[in-house]
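An overview of the molecular structure
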Amino acid sequence: MILGEGQEGVVRRVGDFVEKRFHPGAIDASKVDWLGGALRGTLPFIPEPEWTASEETWVLRYPWFETLPVEDLSLDEARDFLLFCLEKSLVCANIKRANFRRRPGGGLTFIDIGAWIVPMNVDYFRDAAARAFTLAALGWTDEVLRQRSPELREDGALTSLPGFADFYRELLTEHALRQWRSAGLPEPREFVPASDVTLLIKACAMDVAVLLSQVRHIVGQLESPRRFARRVLLVDPFPGPFLREYAPGDLPGLLTSGQQLQREGTLDEIWVAPQEPGLVAAVNAAWFGLTCDATHSTRGVPITPQLWGFDQIRTRYVLQCDLDVMIGRCDFGHDYLEEMRAAASPEDVLGVAFNIPQPVGVSSRPYDAPPGAFVPEVRCGLLDLERVRSCRPLPNELVDGRLARSWYRSLEAHQHLHGLRTLRGGDARTFYVHPPNVLKADEVFLSRARDLVGQGRVPEVQRGQWDLTGPAGDWAYAQRRESIVFLIKGRDVGLSRVRRCLRSLAMQEDQRFGIVLIDDASEGLLPWQLAPLLEPFQDRCTLVRHARHAGRIPNFRLGIHGLCADPETLVVVLDMDDALLSRTAVGRLRAEYERGCDVVLASMFRPDKPTKLYHPDFVEPRRHWGGEVWIHLRAFRKQLFDAIPPEDLQLDGRWIEQCTDYATMIPIVEACRQPVYIPEYLYFHERSTPRTPEVRAVKDDIIRRILAKRS
């Protein structure tokens, strides 16, 4: 029984099978070979045929099943079918009612199996989506569609097609969400409250330059998996001169920065220790039984401000630390705080010192101390304030009206007299490092060391040492040697978008890639929330967290020139607030890379311009306003970027700050030998920068100046 006849062949029902016999020359072997692979796992949306060659032509055959003719399409049916096409990375280009059947339980089956089922191409797919939309939403007949289909291929016509832009946006967004949901990125950890522990960060006026970065670092590193009862900044208002002074004091500036930290939620409170002689004397009398109104010892060590701070705390325990400490975490699930509290439970224990970097191979040391030892840890440690207060008055003496011993040396003397202890040891996954003041003048080194310590990455020379040590060259970010490396950059990106970006990498079927992720001095706690998100990528990722804003071109140069070791590496640019749109993106990139391509571009979907398509011009991009070679997704071999003269990335002697996609990609494309464009949606680009006529005019002027350069 003949079911239908068309330009390609004749369709019959033969017993329990449907058979399509193609006219000679209507389809070739290469197309059949592709369809044989593409149409696997396509039921119920497309039958899965078997192919045979017969009498100089081809015959396909699949089991017959009951379906109904399609007189009207619903938008839901059209959407489901198009989502299937996106998932299978193919296009059924010849969309019309006659080529669909409806399954008895609902849903469409496409039956026009032949040359017009093609690999995913965004031009064809947008056209197919528009055709399906006109049938379902506008009620066009097949004949009207045939007559008007040429106009559907024009951008302007699609923009004016009522409702299509919204339909297409929702379609691609739903496809993206389905892709991202397939990723195995760990869900955010729920913090357990530590209701009996206060975090106390001690600072003085000399710390103004590093207060923001250090407080965010300390809170972000320490507050996992438990959240402190309160996070307090304790300020010593002493005006100087300071012990081991490394910078002038600026108390107003310090307090202003502290208030910023409080507004953003990093701190709960700011306490400024009193300087009034009567209040100081009362604190000293309570703690030492001595009459003294001086806040600092004979050597200039702060005493009263810290003891006054202890008096304000209402929890039993305090984790107190100096502002300058660097906290290392190898595992953010490690419950270091509970382990320290448990270690502090014996009645002869006053406190527990924070661990330091341990030698390779040492995973843990028991918390322990001989009777009377060790020195209570002032830089970073847990104190049982109930037991410490019960030791008062602590032994001390006056020299020229000042206390001779610091509070922790007085407490050490009391420990020694009564056989009490401050423990050392612990799990090596969490530790701290202290930078001596002599190193604090080198802000660049200090920032890099803080970042690396935070990631648990310390050189061998640092292991077993409290104080930051080793030459600057030992404190270096790991270079990436993978054949494909994603360069991810961003600043002040919302955590949900960062998770989306990394989720799109975690979902990739081909995981043979490296990552360079550069946070360009984001405000708040975001930089210190990145490391846990990167755990699925382990040693494949180099994380860089700047303390000061560097800018796009310097970050390009650091990420590509500085951190990618192989000149043949394919560098893939992925903005931190964007995401990959296909689980096969890395596989598609690798296929072109192994084919010898040195520049690979692919289609992007923009929710703000859902129907917009891009067609890069690899021949003369400079003559055609950049020729759309700047699009996302863009990838290139490292050596092409390295070959760009620095002056080509500058205007007026300064690094270009906007339109860096034009500045980098035009010379790269002009120098490449084998570029390729993949017409598939591999990239989700959600713009976050404002678009105003003024902004557009500034960018257009920058682009003109970039185009005026010659490669």
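Before any of the text, the structure's been laid out above.
Summary of the structure given here. Being a predicted model, the structure only gives us computed values, none of them experimental. (Residues numbered from 1 in each chain as written. Predicted model: local features only at pLDDT ≥ 70, side-chain atom pairs only at ≥ 80, totals over all residues. Heavy atoms only, no water.)

Moving on, we come to the sheet that holds strand β1 (residues 2–5). A sheet is described by the order of its strands in space; here 5 strands give the open sequence β1-β2-β3-β5-β4, paired in antiparallel fashion. Two strands lie at the open edges of the sheet, namely β1 and β4 (50–54), each paired on one side alone. Adjacent strand axes in the sheet meet at a mean angle of 20°, parallel and antiparallel pairs treated alike. Bridge count for strand β2 (residues 9–14) against strand β3 (residues 17–22) is 6 bridges, and the pairing is antiparallel. Following the sheet pairing, Val11 is matched in β3 by Lys20. (Pairing = 2+ DSSP bridges. Helix = DSSP H or I, 4+ residues; strand = E, 2+ residues; numbered from the N terminus. Axes fitted to C-alpha atoms, helices over the stretch in contact; angles between N-to-C directions.)

Here we take up the side chain of Gln179. Relative to the assigned elements, Gln179 resides in helix α6 (residues 164–181). Aside from chain neighbours lying at most four places away, what touches Gln179 is Glu87, Met507, Leu581, Ser582 and Arg583. (Contact = heavy atoms within 4.5 Å.)

This part is about the nonpolar core. Counting residues in hydrophobic clusters, the biggest one holds 152 residues, and the most contacted among them are Phe125, Phe486, Ile488, Leu502, Leu505, Phe636 and Tyr681. Top contributing element to this core by residue count: helix α3 (residues 122–136), with 9 residues. By size, the runner-up hydrophobic cluster in this structure holds 37 residues, among which are Val219, Leu267, Met340 and Ala344. (Core = buried A, V, L, I, M, F, W, Y, C linked by side-chain atoms within 4.5 Å. Buried < 20%, exposed > 50% of the residue type's maximum accessible area, 1.4 Å probe, protein only.)

Ordered by their spatial adjacency, 8 strands build an open sheet running β13-β12-β11-β14-β18-β16-β21-β17, and the pairing between neighbours is mixed. If you trace the sheet from one side to the other, it starts and ends with β13 (269–272) and β17 (364–368), each paired once. On average, each strand axis in the sheet is inclined to that of its neighbour by 25°, with strand direction left out of account. As judged from the 4 bridges shared by strand β12 (residues 226–236) and β13, these two strands associate in the parallel manner. In the strand pairing of β13, Leu234 is matched with Trp271. Where helix α8 (residues 251–263) meets the sheet, it contacts β11 (192–204), β12 and β13, and its direction lies at approximately 155° from that of β13.

Here we come to the packing of aromatic side chains. Ring pairs (aromatic) are described by centroid distance and by the angle formed between their planes. Applying the stated criterion across every chain, the model contains 27 aromatic pairs. A centroid spacing of 5.5 Å and a plane angle of 65° characterise the contact between Tyr336 and Phe354, whose relative ring orientation is edge-to-face. With Tyr336 in helix α11 (residues 336–343) and Phe354 in the loop between β16 (349–353) and β17, this pair connects stretches of sequence that are 18 residues apart. Side by side, Tyr336 and Phe354 carry an identical accessibility label, which is buried. Above the ring of Trp64, the side-chain terminus of Arg13 is found at 3.8 Å from the ring centroid. (Phe/Tyr/Trp six-rings, centres within 6.5 Å; stacked < 30°, edge-to-face > 60°. Lys NZ or Arg CZ within 6 Å of the ring centre and 35° of its normal.)

On to the packing of α3 against α6. Packing of α3 against α6 leaves a shortest axis separation of 11 Å and a crossing angle of 120°. On the basis of the axis angle, α3 is oblique to α6. Once α3 is placed against α6, the crossing between them reads as right-handed. Note on element contacts: α6 touches α3 through Phe164, Phe167, Tyr168, Leu171 and Leu172, opposite Phe125, Arg126, Ala129, Ala130 and Phe133. A class-by-class count of the residues in the contact of α3 with α6 yields 9 nonpolar, no polar and 1 charged. (Parallel < 35°, antiparallel > 145°, perpendicular 65-115°, else oblique. Left-handed = near helix turned anticlockwise from the far one by under 90°. Nonpolar A, V, L, I, M, F, W, Y, C, P; charged D, E, K, R; others polar.)

So, on to the environment of Leu254. By secondary structure assignment, the location of Leu254 is in helix α8. Filtering out sequence-adjacent residues up to four positions away, Leu254 remains in contact with Cys204, Ala205, Asp207, Val208, Leu211 and Val235.

It is worth spelling out unusual backbone geometry at this point. For the peptide bond that leads from Ser224 to Pro225, omega is 5°, which places it in the cis range. As for its position among the elements, Pro225 is in the loop between α7 (211–222) and β12. A cis amide bond, omega 0°, links Arg392 with the succeeding residue Pro393. Summarising the element assignment, Pro393 is placed in the loop between α12 (385–390) and β19 (398–399). For Cys659, which is not a glycine, the phi torsion comes out positive at approximately 60°. With respect to the helices and strands, Cys659 occurs in the loop between β31 (654–655) and α20 (660–671).

Let's shift gears to helix α17 (residues 552–562). Of the positions making up α17, those classed as buried are Ile553, Asn555, Phe556, Gly559 and Ile560. Buried residues of α17, seen end-on, are gathered within an arc of 160° and therefore sit on one face of the element. (Arc of directions from axis to C-beta.)

Counting buried positions along strand β24 (residues 514–519) yields 6 of 6 residues, so the element is predominantly enclosed. Of the two faces of β24, the one holding Gly514, Val516 and Ile518 and the one holding Ile515, Leu517 and Asp519 are both buried throughout. The pairing of strand β23 (residues 484–490) with β24 spans 6 bridges and is parallel. From the neighbouring strand, Gly490 faces β24, where its bridge partner is Asp519. The β-α-β motif built from β23, the intervening helix α15 (residues 495–506) and the parallel element β24 has right-handed crossover chirality. Where β24 lies against strand β25 (residues 541–545), 5 bridges are found, and the strand directions are parallel. Each residue of the ladder has a partner; that of Ile518, found in β25, is Val544. (Right-handed = clockwise from strand over helix to strand, strands pointing away.)

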